[in-house]
Amino acid sequence: MLLRKIILLFSVIFITFAFAQRKKTDTIYVYEKVIVYDTIYLEKAVKLKPANLMFSSLEIEEEEIKEINRNFDKLQLEEQIKKLRTKSFQYGIQAGVDFKKASWAEMLSEKNQQFGQNFGIWVSKSIIDPNFSLMLSANLHHWNSTFDLDTNKEETYLDGYYFSADDQPLLFQRFNNKHFEYVLQLKSIYEWKNLRPFVGFLVNKNNYKMQFLVPENNVLNKLDDFKSNQINFGFSLGLQYRIFSRFLIDVEYQHYKIKNLSLKNSSFDFDIFKTNNTFAERKISLGISYFISK
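Not measured: the values here are computed from a predicted model.

**A few points about the overall build of the chain**
Right, on to step 1. Broken down by element type, the chain carries 2 helices and 13 strands.
Right, on to step 2. With 294 residues in all, the chain has 31% of them scored as buried.
Right, on to step 3. Residue pairs at least 24 apart in sequence account for 67% of intrachain contacts in the chain once pairs closer than 6 positions are excluded.
Right, on to step 4. When the accessible surface of the chain is summed, it comes to about 21,900 Å², and 60% of that surface belongs to carbon and sulfur atoms.

See below:
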């Protein structure tokens, strides 16, 4: 029994050494260690104390720059305004009051001055020089009456019968110097600062009206008008003053010559004022003008 155990032990030892002599392939495992780093930023308010820094004063340089810019802008603006005035038209409206004295009316009235109102429109354009311009204006004047001749109310200087060239009878009824006046004027204006003196040439028409009883079917029973339709020429002098950029004050003197004052009717060859005299008509106007254009 013992011998059997000894033989088994030596058999196990022999087999172990036999297998131990065989070559085997070894397996190598390589491990890599990876380390990842991340950065975290934290914001934190930091109190800074102002440093006592000294800077040189720039007041003189700044004032010099402003002065240069101001002069440049002003000159440039003036040049632009002058160019616009020269190239473009300006237009506006005008209104005012008038005082007129007509030499022919002094024979019929003790009042020397006639009061009126006017309204007009105008257009102007600079020529040659931006300060020199021509203005064309059209005005409508309304004149109040200074006398009233009416045969139905009282005796007058003109009462009675008159006869036309073909001997048709005409009976005077009424007449006063209340009327409308139309004026077309061309002015030459020179602007110096806020002053605008001017001289003008004008054409006017006074719409006077006189009434007569005229024959109709050989019966004197029709009331008809005899009107003035003549054109008169004259001149004007005046001064405008600019009070704001768009407003002007006007003072103007006008003088007309009226040759052979005439009141006529197309149906009758008759003129109550058969004179060869030349009458003078003088007028002073005060008004205000407004520029509509920019």
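**Examining the pairing of strand E9 (residues 209–216)**
Strand residues, when the strand is regular, have side chains that alternate between the two faces of the sheet.
Right, on to step 1. Counting buried positions along E9 gives 6 out of 8 residues, so the element sits mostly inside the fold.
Right, on to step 2. As paired elements, strand E6 (residues 169–176) and E9 share 4 bridges and run antiparallel to each other. Residue pairing across strands places Phe175 opposite Met210, the latter belonging to E9.
Right, on to step 3. Examined bridge by bridge, E9 and strand E10 (residues 219–227) share 8 bridges and lie antiparallel to one another. Following the sheet pairing, Leu213 is matched in E10 by Leu223.
Right, on to step 4. Counted along the chain from E9 to the antiparallel partner E10, the turn is 2 residues long, and its residue Asn217 has a positive phi close to 55 degrees.

**A short note on the packing of aromatic side chains**
Right, on to step 1. Tallied over the entire structure, the rule returns 13 aromatic pairs.
Right, on to step 2. Note on Tyr162 and Phe270: the rings are 5.9 Å apart at their centroids and 50 degrees apart in plane angle, and the pair reads as tilted. Of this pair, Tyr162 sits in strand E5 (residues 161–163) while Phe270 sits in the loop between strand E12 (247–259) and strand E13 (278–291), and the two are 108 residues apart along the sequence.
Right, on to step 3. On the basis of relative accessibility, which here comes to 7%, the residue Phe270 falls in the buried class.
Right, on to step 4. Geometry around Phe89 places Lys125 over its ring, the cationic atom sitting 5.7 Å from the centre.
Right, on to step 5. Positioned above the aromatic ring of Phe198, the side-chain terminus of Lys187 is 4.4 Å from the ring centre.

**Points about the side chain of Thr146**
Right, on to step 1. You can see Thr146 is positioned in the loop between strand E3 (129–143) and strand E4 (148–150).
Right, on to step 2. Classification of Thr146 by relative accessible area gives buried; the value is 14%.
Right, on to step 3. A polar contact is formed between the side chain of Thr146 and the side chain of Asn177, at a distance of 2.8 Å.
Right, on to step 4. With sequence-adjacent residues up to four places away left out, Thr146 is seen in contact with Ser109, Lys111, Gln113, Gln114 and Asn177.

**A look at the sheet that holds strand E1 (residues 89–102)**
Right, on to step 1. Sheet architecture is closed into a barrel: 8 strands sit in the order E1-E2-E3-E7-E8-E11-E12-E13, paired in antiparallel fashion. Across the sheet, the axes of successive neighbouring strands diverge by a mean angle of 25 degrees, strand direction being ignored.
Right, on to step 2. The sheet contact formed by E12 and E13 spans 13 bridges and is antiparallel. Bridged to Gln254 within E13 is Lys283.

**Re the environment of Met135**
Right, on to step 1. Mapped onto the elements, Met135 comes out in strand E3.
Right, on to step 2. Exposure remark for Met135: the relative accessible area of 2% places this residue in the buried category.
Right, on to step 3. Along the backbone, Met135 and Gly200 are 65 residues apart, and their C-alpha atoms lie at a distance of 9.0 Å.
Right, on to step 4. With near-sequence residues (within four places) excluded, Met135 lies in contact with Trp122, Val123, Ser124, Gln185, Leu186, Lys187, Ile189, Arg196 and Gln240.

**Looking at the confidence of the model for the chain**
Right, on to step 1. Per-residue confidence for the chain averages 81 on the pLDDT scale, and 72% of its residues sit at or above 70.
Right, on to step 2. Strand E7 (residues 179–190) holds the highest mean pLDDT among the elements of the chain, 95, whereas helix H2 (residues 59–87) holds the lowest, 57.

**Side note on the side chain of Ser262**
Right, on to step 1. Relative to the helices and strands, Ser262 is located in the loop between E12 and E13.
Right, on to step 2. When its relative accessible area of 10% is taken as the criterion, Ser262 is described as buried.
Right, on to step 3. Residues within four places of Ser262 in sequence aside, it is in contact with Lys227, Ser228, Gln230 and Asp271.

**Some details on the pattern of salt bridges**
Working definition: two side chains of opposite charge can pair if their charged atoms are close together.
Right, on to step 1. Overall, the coordinates contain 8 salt bridges when judged by the stated rule.
Right, on to step 2. Note that Asp148 is salt-bridged to Lys153, the shortest N-O span being 4.0 Å.
Right, on to step 3. On the basis of relative accessible area, Lys153 is assigned to the exposed category, the value being 64%.
Right, on to step 4. If you follow the salt bridges from partner to partner, you end up with Lys100, Glu181, Glu281 and Lys283 in one network.

What counts, and at which threshold
- Residues numbered from 1 in each chain as written.
- Predicted model: local features only at pLDDT ≥ 70, side-chain atom pairs only at ≥ 80, totals over all residues.
- Heavy atoms only, no water.
- Helix = DSSP H or I, 4+ residues; strand = E, 2+ residues; numbered from the N terminus.
- Buried < 20%, exposed > 50% of the residue type's maximum accessible area, 1.4 Å probe, protein only.
- Contact = heavy atoms within 4.5 Å.
- Areas by Shrake-Rupley, 256 points an atom, 1.4 Å probe, with all protein chains shown as cover.
- Pairing = 2+ DSSP bridges.
- Phe/Tyr/Trp six-rings, centres within 6.5 Å; stacked < 30°, edge-to-face > 60°.
- Lys NZ or Arg CZ within 6 Å of the ring centre and 35° of its normal.
- Polar contact = N/O pair within 3.5 Å; in protein donor to acceptor, adjacent residues only side chain to side chain.
- Axes fitted to C-alpha atoms, helices over the stretch in contact; angles between N-to-C directions.
- pLDDT = per-residue confidence, 0-100.
- Salt bridge = Lys/Arg side-chain N within 4 Å of Asp/Glu carboxyl O.

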